[in-house]
Amino acid sequence: MSETEIPQSDRLGDYPHPREVAGFQGQAEAERALFDAFMSGRMQHAWLLTGPKGIGKATLAYRMARFVLHYGTPEKARAAGASDLSVPIDSTAFNQIAAGSHPNLITVRRPWDEKAKKLKTVITVDEVRRIAHFFELTTTERGAWRVVVIDSADEMNTNAANALLKALEEPPPNGLFLVLSHQPGRLLPTIRSRCRTLRMTPLGTEDIAAMIADAEREAEAREGESRKKTTATPDSERLQLAHLSEGSVGRALSIAGSGGLALYRELASLLVQLPRPDIAALHAFADKAGKRGADDTYETMIELLTHWLQRLVRAGAGLDPGPDIVEGEGAAMRRLAAGGSLDRWVEVWEKISQTTARGEALNTDRKLVILNVFSMLEAVASERAGA
């Protein structure tokens, strides 16, 4: 298996890798913070990019890496009239980074286990130790920057985290760490204290819809004309995906790539019927979502169900649950949330998470797990209906 064929933990399906993405939107404040720091000539050596998964942290990190490695100094950037972190797409830095071959950039992520033929579940200490060797290498240009992207720090095991801390404590001249974290509270406080934190926020629906379109166009351009008839998503569906994404373009693309929008329509059609969903339709849904080998479908279904319950709780608290994707969703959520405390729905939400996790641990038939989940939902819905 060649380097390009090895699965990468930071790539989402057939969509472009963040290092290949030229455009950037929805995080103007975060981009400006990095740009201003570099242009001031007082660039911090380590940045912690935080926020929910899939909101553009990796895309911004590679955008910053390209900018630093292309211009090198604030003076060169000013002379070129730079006003943001973009660089020419025909530049050496852009193309080498897109190909994963820039000598002054290293990415630390979960590695491929050749023996087990799957990605490892954590970033190991050996991966982090590559940083020290990387910095020992002689650069081709005096004073050139060397950039480390860690995606994501949440996946490091204890030894890896300690190794990163050591690297952060002894940064070389013109060394730049771009550390990504979805849950920074779980990182070592000493790692957080050695980085400047850059908090990124969930994206707006219009931004996500536009980014889905951009990702599809870039995927089509890479794969050829034959993909165009199968990858283009109607504008209305892009907006629906954006509403399901909870501010994460990564989640929107994941849902789109696994056929999640059609799956959601089936799921929501059953949920709005609670406490008495169509039994035949429920079994057909469970057969499809729970069948052997349909891992992506099952995982997406669990995520979408969780999202639906979150919206139900919001509706019960008097908040807007968002637009209907299936007719009658909002009314059903308000009906199911009415007439009592929301604690029972929060409780069943937690039980569903425990049930699905236990089912995976015990390798339980997934169809049975899905039917058990709906049984719990029916019980709470029946209480609310006085059945």
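Residues numbered from 1 in each chain as written. Predicted model: local features only at pLDDT ≥ 70, side-chain atom pairs only at ≥ 80, totals over all residues. Heavy atoms only, no water.

S.K.: Break down the sheet that holds strand β7 (residues 196–199) for me, citing the residues and quoting the values.
M.R.: Strands in a sheet are paired, the pairing made by backbone hydrogen bonds, and the direction either parallel or antiparallel. An order of β2-β5-β6-β1-β7 is seen for the 5 strands of this open sheet, with the pairing classed as parallel. Sheet topology places β2 (105–108) and β7 at the edges, where each strand pairs with a single neighbour. Shown here is a sheet whose adjacent strand axes are inclined to one another by a mean of 20°, direction ignored. As paired strands, strand β5 (residues 146–150) and strand β6 (residues 175–181) are joined by 5 bridges and run parallel to one another. Looking at the pairing, Val-149 lines up with Leu-178 of β6. Sheet strands touched by helix α1 (residues 28–39): β1 (46–50) and β7. Its angle to β7, the strand with the most contacts, is close to 150°. (Pairing = 2+ DSSP bridges. Helix = DSSP H or I, 4+ residues; strand = E, 2+ residues; numbered from the N terminus. Axes fitted to C-alpha atoms, helices over the stretch in contact; angles between N-to-C directions. Contact = heavy atoms within 4.5 Å.)

S.K.: Could you give me a rundown of the packing of aromatic side chains, with the residues and numbers involved?
M.R.: For the structure shown, the criterion picks out 6 aromatic pairs. Aromatic side chains Phe-38 and Phe-67 sit 5.4 Å apart centroid to centroid with 80° between the ring planes, which places their arrangement in the edge-to-face category. Of this pair, Phe-38 sits in helix α1 while Phe-67 is found in helix α2 (residues 57–71), placing the two residues 29 residues apart along the sequence. Given the relative accessible area of 0%, Phe-67 is considered buried. Counting every residue linked through ring pairs, the aromatic cluster contains Phe-35, Phe-38, Phe-67, Tyr-71 and Trp-145. (Phe/Tyr/Trp six-rings, centres within 6.5 Å; stacked < 30°, edge-to-face > 60°. Buried < 20%, exposed > 50% of the residue type's maximum accessible area, 1.4 Å probe, protein only.)

S.K.: Give me unusual backbone geometry: which residues, what numbers.
M.R.: Note: most peptide bonds trans; most residues except glycine with negative phi. Ser-152 follows Asp-151 through a cis peptide bond whose omega is 0°. The residue Ser-152 is located in the loop between β5 and α6 (158–169) in this model. Of note, the bond from Leu-274 into Pro-275 is cis; its omega dihedral lies within 30 degrees of zero at 15°. Along the chain, Pro-275 falls in the loop between α12 (260–271) and α13 (279–290). Its identity as a non-glycine residue notwithstanding, Glu-246 has a phi of 55°, on the positive side. Looking at the secondary structure, you find Glu-246 in the loop between α10 (235–244) and α11 (249–257). Residue class for Glu-246 comes out partly exposed when judged on its relative accessible area of 39%. In this structure, Asn-363 is a non-glycine residue whose phi angle is positive, near 60°. Assignment of secondary structure puts Asn-363 in the loop between α16 (343–361) and α17 (366–385). The exposure class assigned to Asn-363 is exposed, which follows from its relative accessible area of 68%.

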